[in-house]
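Descriptive analysis of the structure
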Amino acid sequence: MPPDLAATRAFSIEIVQKLKQSGFQALWAGGCVRDLLLGKESKDFDVATSATPDEVRNVFGHDRTIPIGASFGVITVNGGKRRGQVEVATFRTDLGYSDGRRPDDVRFSSAEEDALRRDFTINGMFFDPIEEKVLDYVGGQRDLKNGLVRSIGNPFLRFEEDKLRMLRAVRFSSTFAFDLELATQRAIREFASHIHVVSAERIAAEMRRMLTDKHRMIAVRMLRDLTLMEELLPELDSIVGHALRWSETYQSLEELRVPDFRAAMALLLRYVCQHSLLDANPHRPVEPAAEICARWKLTNEETKTIQWLLRHENTIRQADQVAWPRLQRLLIEDPAPLLIEVGRAIELARREPLKPIEWAQSRMELPEEDLNPPPLLNGGDLIKAGFPPGPSFHRVLEKVRDEQLEGKIATTEEALELAKAELDQA
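Because the structure is a prediction, the values reported are computed rather than measured.

Overview of the packing of helix 15 (residues 261-269) against helix 20 (residues 336-350)
Packing of helix 15 against helix 20 brings their axes to within 10 Å, and their N-to-C directions diverge by 40°. By the angle between their axes, helix 15 is oblique relative to helix 20. Crossing hand, helix 15 versus helix 20: right-handed. On helix 20, the residues touching Arg 262, Ala 263 and Leu 267 of helix 15 are Leu 338, Val 342, Ala 345 and Ile 346. Here the residues of the contact of helix 15 with helix 20 sort into 6 nonpolar, no polar and 1 charged.

Things to note about the side chain of Thr 8
Within the element layout of this structure, Thr 8 appears in helix 1 (residues 5-21). Dropping the residues within four chain positions of it, Thr 8 is found in contact with Pro 3, Phe 45, Arg 82, Arg 83, Gly 84 and Val 86.

Observations concerning the pattern of salt bridges
Under the definition given, this model contains 32 salt bridges. When the shortest N-O distance is used, the salt bridge between Glu 302 and Arg 208 registers 2.8 Å. Here Arg 208 lies in helix 10 (residues 200-211) and Glu 302 lies in helix 18 (residues 300-316), a separation of 94 residues in the sequence. Owing to a relative accessible area of 10%, Glu 302 belongs among the buried residues under this scheme. Put simply, Glu 341 and Arg 257 hold a salt bridge, and the shortest N to O gap is 2.8 Å. Of this pair, Glu 341 sits in helix 20 while Arg 257 is found in the loop between helix 14 (243-255) and helix 15, placing the two residues 84 residues apart along the sequence. When salt bridges with common partners are traced through the structure, they connect Glu 248, Arg 270, Glu 313, Arg 317, Glu 347 and Arg 350 into a single cluster.

A closer look at the sheet that holds strand 1 (residues 26-29)
Strand order in the open sheet formed by 7 strands is 3-4-5-2-1-8-9, with mixed pairing between adjacent strands. Each end of this open sheet is capped by a strand with a single partner; those strands are strand 3 (65-69) and strand 9 (133-135). With direction set aside, neighbouring strand axes in the sheet form an average angle of 35°. Here strand 2 (residues 47-49) pairs with strand 5 (residues 85-90) via 3 bridges, running parallel.

Here's the deal with the nonpolar core
Core analysis: the largest hydrophobic core is formed by 102 residues, its most contacted members being Leu 19 and Trp 296. Considering every element that reaches this core, the biggest residue donor is helix 15, with 8 residues. Discounting chain neighbours no more than four positions away, the residues touching Leu 19 are Phe 24, Ala 26, Val 47, Thr 49, Ala 51, Val 59, Phe 60 and Val 88.

Observations concerning unusual backbone geometry
The amide bond that connects Glu 287 to the next residue, Pro 288, takes the cis arrangement and shows omega of 5°. Within the secondary structure, Pro 288 sits in the loop between helix 16 (274-277) and helix 17 (289-295). The phi torsion at Lys 297 lies on the positive side, around 55°, for a residue other than glycine. Counting through the fold element by element, Lys 297 comes out in the loop between helix 17 and helix 18. Residue class for Lys 297 comes out exposed when judged on its relative accessible area of 53%.

Quick word on the side chain of Thr 49
Assignment of secondary structure puts Thr 49 in strand 2. For Thr 49, a relative accessible area of 0% corresponds to the buried category. For Thr 49, the side chain forms a polar contact with the main-chain oxygen of Gln 25, separated by 2.8 Å. Engagement of the side chain of Thr 49 in a polar contact is seen with the backbone nitrogen of Ala 51, the distance being 3.1 Å. If sequence neighbours within four positions are ignored, Thr 49 has contacts with Leu 19, Phe 24, Gln 25, Ala 26, Val 56, Val 88, Ala 89, Thr 90 and Phe 91.

Concerning the environment of Glu 190
Along the chain, the position of Glu 190 falls in helix 9 (residues 182-191). Looking at Glu 190, the relative accessible area reads 51%, which means it is exposed. On a C-alpha basis, the gap between Glu 190 and Phe 156 in space is 8.1 Å, while along the polypeptide they are 34 residues apart.

Quick word on the packing of aromatic side chains
Under the counting rule described, the total for this entry stands at 8 aromatic pairs. For the pair Trp 28 and Phe 127, a centre-to-centre distance of 5.8 Å together with 35° between the ring planes defines the contact as tilted. Pair noted here: Trp 28 is in strand 1 and Phe 127 is in strand 8 (residues 126-128), with a separation of 99 residues, a long-range link. Considered together, Trp 28 and Phe 127 belong to a single accessibility category, that of buried residues.

Let's talk about the UniProt feature "domain: CCA-adding enzyme C-terminal" (unreviewed entry) in the protein
Annotation from UniProt places "domain: CCA-adding enzyme C-terminal" (unreviewed entry) at residues 288-416. Helix makes up 67% of residues 288-416 and strand makes up 0%, while its end C-alpha atoms are separated by 43 Å.

Notes on helix 20
Here helix 20 is 15 residues long and its end C-alpha atoms lie 21 Å apart, about the 21 Å a rise of 1.5 Å per residue gives. Counting buried positions along helix 20 yields 12 of 15 residues, so the element is predominantly enclosed. Taken together, the buried positions of helix 20 are Ala 336, Leu 338, Leu 339, Ile 340, Glu 341, Val 342, Gly 343, Arg 344, Ala 345, Ile 346, Glu 347 and Ala 349. Those residues of helix 20 that are buried are in contact with helix 14, helix 15, helix 18, helix 19 (324-331) and helix 21 (355-364). At the exit of helix 20 stands Arg 351, carrying a positive phi of roughly 60°.

Reading the values: rules and limits
Each chain carries its own residue numbering, running from 1 in the direction its sequence is written. pLDDT decides what is reported in this predicted model: residues at 70 or higher carry local features, side-chain atom pairs at 80 or more are listed and counted, and totals for whole chains, interfaces and linings draw on all residues regardless. Side-chain numbers here rest on the full set of heavy atoms in the structure, without hydrogens or water. Here an axis means a line fitted to C-alpha atoms, over the contact stretch when the element is a helix, while the angle between two N-to-C directions is reported on a 0 to 180 degree scale. Comment: elements are numbered from the N terminus, with helices defined as DSSP H or I runs of at least four residues and strands as E runs of at least two. Each angle gets one of four labels, with under 35 degrees taken as roughly parallel, over 145 as roughly antiparallel, 65 to 115 as roughly perpendicular, and the rest as oblique. Helix crossings get a hand from a simple test, with the near helix turned counterclockwise from the far one by less than a right angle marking a left-handed crossing and a clockwise turn marking a right-handed one. Two residues form a contact once any of their heavy atoms are found within 4.5 Å. Only Asp, Glu, Lys and Arg are considered charged in this grouping, and only Ala, Val, Leu, Ile, Met, Phe, Trp, Tyr, Cys and Pro are considered nonpolar; every other residue, Gly among them, is considered polar. One speaks of a salt bridge when a side-chain nitrogen belonging to Lys or Arg is within 4 Å of a carboxyl oxygen belonging to Asp or Glu. Relative accessibility thresholds used throughout: buried, under 20% of the residue-type maximum; exposed, over 50%; partly exposed, between the two (1.4 Å probe, protein chains only). When DSSP finds two or more bridges between a pair of strands, those strands are recorded as paired. Take the buried residues of types Ala, Val, Leu, Ile, Met, Phe, Trp, Tyr and Cys, join any two whose side-chain atoms come within 4.5 Å, and each joined set is a nonpolar core. Throughout this description, a polar contact denotes any pair of N or O atoms lying within 3.5 Å of each other; where both atoms belong to protein, one of them has to be capable of donating a hydrogen while the other can accept it, and for residues adjacent in sequence the pair is counted only when both atoms sit in side chains. Centres within 6.5 Å make a pair out of two Phe, Tyr or Trp rings, where for Trp the six-membered ring is used; the pair is then stacked when the planes are under 30 degrees apart, edge-to-face when over 60, and tilted otherwise. UniProt positions are given in the numbering used here, feature names are shortened, and annotations may be inferred rather than shown by experiment. Multiplying 1.5 Å by the residue count of a helix minus one yields the expected span of that helix.

So, in structure tokens, the structure goes:
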């Protein structure tokens, strides 16, 4: 069970209060301050303080603190299952980013210096939850009011330090439907080809957050305009250059109603996988989707589901013309509701009637015994009936299942009779 957000919030205030009572400056920092000023609920309440990591551990006790990030000035304070964990970071200045991702070293500093080393002005503010006072050294309140994502200081320096910030800029701009400041845009275009120094896992994490947001189509458009798309998904180049197909892809992402990364990826990759989809063998990878999933180190479940959706989106869009046994096998799969949503989004983007999708949806609402009745026969039954195991078992059992679903047979005796006739012909 995840921690209770209200309890985590209260716990973070307790941490601030205890640090202040111990003689240190302590403030909420980063995203939770931005969300507070936007009137949004925040999941994380990070605390920044003048206390050093050792001092933080002394205040809260070594048994309640975790020093995993101590070398960067970060101590995790554990509040238990209900209250969760809160990161407490010492005000710091970062000293060099030779790997383009993490600081080489840090120097503990003041709140103002700490704000100046952060990524964007809307993330660079502090808030005192005890005095209910904002500390803004970077103009974050102004940019929030104006709906603007702007790098703190020189954007070229910010992205040279940490290449992941380019994807974060796109995510914040799209999620909040904010403009991206022009100098920040120019810097992203300058450094776009350097995005590959970021780990696959972090790239995938940012893409998940962008593509599950309701403004996913804004993110996709920005990735294209800022030349990040050609670095992250060069496979899309031929589609981006095809006005009709790109427009349909973009529109289908806008029509997608569910915040699901797998569905969004299937829509994004649909046209680039068309050649692979001509192969009817369900055991072969759907390329280039499989390669992209491997490149981004997506989970096995994500990889499998994305390819399954790509294989069957055309079938679900013709559901009212598909033989019931074939359709039934799709509708009983776990991702079937997602397939319905993908098909719906495509048909709306193509301005085609939704009747086949709606028909498939209605079939999914059948009672379990009608949608997925227990098979009348299995391999063990055939062996018990005296048939020697062999490669024809699978074909025969498929034939029996089809006739059962079509209502042509209804008993085990009828199933065995059909199986015998099929096996005798083999």
